[in-house]
Amino acid sequence: MTAAPYLITYITDHKGIYSFRFSQPPSMPRMIYIVSIAATIACTACHSEPNNPDTSEATIASETGKPVALPTDVLLVTKPLIGGELYSKADFDSPTLTHFDTSQQIQLLDTTDVLFMKARLDKNSETFTGYISKAILPEQP
């Protein structure tokens, strides 16, 4: 039969007399718990930056502060206030070339018509040129 391990603590009082105290060491599950908490705190303190994947993209001209070069026939580039249709002629009854939404950039080519503007837009790697209603565009200076 083996004896259980004990910790012996030496205690002295004010007269210099030694006394002994016997106690059991901490139990193994408690020791594992304490060590795991200490390791977690140490690892958390050392970890300074989240490990995010690199989502950087190539720099485009508009991010460098230089304006993007527009074709010579473009007066202005804008985004519509609401989605709409690009018509083949300056008439609401003419065939629709394509639909667009508020995320589309529209190049304005001619603004002389009362109700329509001649416009160009790129969609799905295709370029469409037609007419859009002036009512769905922001006011131009």
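Residues numbered from 1 in each chain as written. Predicted model: local features only at pLDDT ≥ 70, side-chain atom pairs only at ≥ 80, totals over all residues. Heavy atoms only, no water.

Peer 1: Would you explain the packing of aromatic side chains in this entry?
Peer 2: Two descriptors summarise a pair of aromatic rings, namely the distance from one centre to the other and the angle between the planes of the rings. With the rule as written, the count across this model stands at three aromatic pairs. With 5.7 Å between their ring centres and 90 degrees between their planes, Y87 and F92 make a pair best called edge-to-face. Given a relative accessible area of 10%, Y87 falls into the buried group. The exposure class of F92 is partly exposed, given its relative accessible area of 45%. Here F92 and F116 contribute two aromatic rings whose centre-to-centre distance is 4.7 Å and whose plane-to-plane angle is 50 degrees, an arrangement assigned as tilted. Within this pair, whereas F92 is found in the loop between β4 (84–87) and β5 (96–100), its partner F116 is found in strand β7 (residues 116–123), the two being separated by 24 residues in sequence. (Phe/Tyr/Trp six-rings, centres within 6.5 Å; stacked < 30°, edge-to-face > 60°. Buried < 20%, exposed > 50% of the residue type's maximum accessible area, 1.4 Å probe, protein only. Helix = DSSP H or I, 4+ residues; strand = E, 2+ residues; numbered from the N terminus.)

Peer 1: Even after reading the chapter, I still don't get the nonpolar core, so can you show me in this structure?
Peer 2: The tendency in soluble globular proteins is for nonpolar side chains to be buried as a group. Judged by nonpolar contacts, L86, F100, I106, L108, M117, A119, L121, F128, I132, I136 and L137 together constitute the single largest core of 11 residues. Of all the secondary structure elements, the ones that give two or more residues to this core are β6 (106–110), β7 and β8 (126–133). The element that contributes the greatest number of residues to this core is β7, accounting for three residues. When near neighbours in sequence (up to four residues on either side) are disregarded, A119 contacts L86, I106, Q107, L108, L109, F128, T129, G130 and I132. (Core = buried A, V, L, I, M, F, W, Y, C linked by side-chain atoms within 4.5 Å. Contact = heavy atoms within 4.5 Å.)

Peer 1: When you look at the pairing of β7 in this model, what are you seeing that I'm missing?
Peer 2: The side chains of a regular strand alternate between the sheet's two faces. Here β6 runs beside β7; their pairing, made up of four bridges, is antiparallel. In the sheet register, D110 faces β7, and the bridge partner there is K118. Connecting β6 to the antiparallel partner β7 that follows it, the hairpin turn spans five residues. Counting the residues in the hairpin turn of β7 and β8 gives two residues, including N124, whose phi is positive at 55 degrees. (Pairing = 2+ DSSP bridges.)

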